[in-house]
Amino acid sequence: MDRKEALSLYRTMLLIRRFEERSAQLYVEGKIGGFLHLYIGQEAVGVGAISLMRPDDYMIAYYRDHGYALARGADPRLLLAELCGKLTGISRGKGGSMHFYDVPGGNFGGDGIVGGHLPLAAGMGYGIRLRGSDQVCLCFFGDGAVNEGAFHEALNVSALWDLPVVYIIENNRYGMGTSIDRASSVKDLYQRGSAYGITRRDVNGMDLVAVRTAIGEAIERARKEKRPTLIEAETYRYRGHSMSDPGKYRTKEEVEDMMKSDPILLWAKRLIEQERVTQAELDALDKEVVAQMDDAVHFVET
């Protein structure tokens, strides 16, 4: 990728991080109610995957959906307004944190039911086949969804009918407060696809380049061969399952150790080492993003 695209990816990940941090602040201040699931730590997965989509492609996600909407180009002012229950929100204030919809942008929103949106992704893939187009559908979900019946139903029908859907497991190691070691007999979640003859692979979800490489191959397969792919992106969330979760099921040392592999810091380090950007330029981008979030807060509060 060229320097412009590399910086754009960095800025998008940074925007997601600052958006989530500001959302957490507004939640504590009582300006956001209900559920609030943050995407902090997982930015490379959503940004890496969505950066490869065409404008006419589709995506559908689960309840931790803020990052996907931002990566797809949604206005952070409209998203923040949605969190605050404003009529100016992207779902007119009726969806809240788990339901960011932007159908004109190909974003068919989040879903508050674990695994409930996977059959919908299969249906979208079936619609693509009926129209005879070369679009693809990206479907994001957490590791907790792989033990749901809907996961197996969606994979089975996608393999059977040759549907152009890329299923992306964001394995952040914990389904709510339950470690994957206590929830899954098969720890390599991507191997679940073997039961249905689906092409599958795992990838370091903290590495933006690794994510783009794996998703790029899957998208190409979906476009040309109309075949699904199951990808497991191994990532980590720094915050609790939601704002109401103190996260006492894991140690402070574990979280701090995982933060050493922060996707934004890793990408910044790579760009600096390649002499494609300076630290001063990255700092300037951060100030720009912070100013954009200040504007979004002003939009919501006035």
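Source: prediction; values computed, not measured.

Definitions and cut-offs
- Residues numbered from 1 in each chain as written.
- Predicted model: local features only at pLDDT ≥ 70, side-chain atom pairs only at ≥ 80, totals over all residues.
- Heavy atoms only, no water.
- Helix = DSSP H or I, 4+ residues; strand = E, 2+ residues; numbered from the N terminus.
- Buried < 20%, exposed > 50% of the residue type's maximum accessible area, 1.4 Å probe, protein only.
- Arc of directions from axis to C-beta.
- Contact = heavy atoms within 4.5 Å.
- Polar contact = N/O pair within 3.5 Å; in protein donor to acceptor, adjacent residues only side chain to side chain.
- Axes fitted to C-alpha atoms, helices over the stretch in contact; angles between N-to-C directions.
- Parallel < 35°, antiparallel > 145°, perpendicular 65-115°, else oblique.
- Left-handed = near helix turned anticlockwise from the far one by under 90°.
- Nonpolar A, V, L, I, M, F, W, Y, C, P; charged D, E, K, R; others polar.
- Phe/Tyr/Trp six-rings, centres within 6.5 Å; stacked < 30°, edge-to-face > 60°.
- Lys NZ or Arg CZ within 6 Å of the ring centre and 35° of its normal.
- Core = buried A, V, L, I, M, F, W, Y, C linked by side-chain atoms within 4.5 Å.
- Salt bridge = Lys/Arg side-chain N within 4 Å of Asp/Glu carboxyl O.

Enquirer: Talk me through unusual backbone geometry; I want residue IDs and the actual numbers.
Expert: The phi angle at Asp162 is positive, at roughly 55 degrees, despite the residue not being glycine. Topologically, Asp162 is positioned in the loop between α6 (149-161) and β3 (165-171). We classify Asp162 as partly exposed; its relative accessible area is 27%. Despite not being glycine, Lys226 shows a phi value in the positive range, around 55 degrees. Note that Lys226 resides in the loop between α8 (208-225) and β7 (229-234). Its relative accessible area of 16% is what places Lys226 among the buried residues.

Enquirer: Explain helix α10 (residues 263-273) to me, and be specific about the residues and the numbers.
Expert: The complete set of buried residues in α10 reads Pro263, Ile264, Trp267, Ala268 and Leu271. Projected down its long axis, α10 carries its buried residues within an arc of 130 degrees, all on one side. Relative to its buried face, α10 has exposed residues pointing more than 90 degrees away, namely Leu265 and Glu273. Against the buried residues of α10 lie α1 (3-28), α2 (43-50), α8 and α11 (279-301). Its side-chain oxygen 2.9 Å from the backbone nitrogen of Ile264, Asp262 forms the N-cap of α10. Downstream of α10 by a residue or two, Glu275 has a phi angle that is positive, lying close to 60 degrees.

Enquirer: With reference to specific residues and values, describe the packing of α1 against α2.
Expert: Remark: α1 packs on α2, axes separated minimally by 10 Å, with the N-to-C direction vectors making an angle of 135 degrees. Taken together, α1 and α2 sit at an angle that is classed as oblique. Here α1 runs over α2; the crossing is right-handed. Along its contact with α1, which presents Leu9, Thr12, Met13, Ile16 and Arg17, the element α2 presents Glu43, Ala44 and Val47. Of the residues contributing to the contact of α1 with α2, the split by class is 5 nonpolar, 1 polar and 2 charged.

Enquirer: How would you explain α2 if you had to name every residue and give the values?
Expert: The element α2 is largely enclosed, with a buried count of 8 among its 8 residues. Of the positions making up α2, those classed as buried are Glu43, Ala44, Val45, Gly46, Val47, Gly48, Ala49 and Ile50.

Enquirer: Could you give an account of the packing of α2 against α8, naming the residues involved and the relevant values?
Expert: Taken N-terminus to C-terminus, the directions of α2 and α8 make an angle of 40 degrees; their axes are 8 Å apart at the nearest point. Accordingly, the angle class assigned to the pair α2 and α8 is oblique. Where α2 crosses over α8, the two elements pack in a sense that is right-handed. For the pair formed by α2 and α8, the contact residues are Ala44, Val45, Val47, Gly48 and Ala49 on the first element and Leu208, Val211, Arg212, Ile215 and Ile219 on the second. Residues belonging to the contact of α2 with α8 are distributed by class as follows: 8 nonpolar, 1 polar and 1 charged.

Enquirer: How would you sum up the packing of aromatic side chains? Please name residues and give values.
Expert: On inspection of all chains with the given rule, the structure shows 8 aromatic pairs. Their ring planes at 70 degrees and their centres at 5.3 Å tell us that Tyr62 and Tyr63 sit as a pair that is edge-to-face. Three or more aromatic residues joined by ring pairs form one cluster here, namely Tyr39, Tyr62, Tyr63, Tyr68 and Phe140. One Lys or Arg, Arg77, reaches over the ring of Phe299 and ends 5.1 Å from the middle of that ring.

Enquirer: Outline the nonpolar core, listing residues and values.
Expert: Ranked by size, the top nonpolar core spans 71 residues in total, and within it Leu80 and Phe140 carry the most contacts. Among the elements that line this core, the one with the most residues is α1, at 11 residues. Once you skip the residues sitting within four places of it in the chain, Phe140 turns out to touch Val45, Gly46, Ala49, Ile50, Ile60, Ala61, Tyr62, Tyr68, His117, Ile168 and Glu170. Membership of the second largest hydrophobic core comes to 25 residues, among which are Phe141, Leu155, Val157 and Val165.

Enquirer: Residues and numbers for the pattern of salt bridges, please.
Expert: Once the charged atoms of two side chains with opposite charge are near each other, the side chains can pair. Applying the stated criterion to the full structure yields 20 salt bridges. Linking Arg18 and Glu21 is a salt bridge whose minimum nitrogen-to-oxygen distance equals 2.9 Å. Of this pair, Arg18 and Glu21 are both found in helix α1, 3 residues apart, which corresponds to roughly one turn of the helix. In this structure, Glu217 engages Arg201 in a salt bridge whose closest nitrogen and oxygen atoms are separated by 3.0 Å. Of the two residues, Glu217 is situated in helix α8 and Arg201 in strand β6 (residues 199-204); the sequence distance between them amounts to 16 residues. Judged by relative accessible area, which is 40%, Glu217 ranks as partly exposed. The exposure class assigned to Arg201 is partly exposed, which follows from its relative accessible area of 31%. When salt bridges that share partners are traced, they join Arg17, Glu43 and Asp262 into one network.

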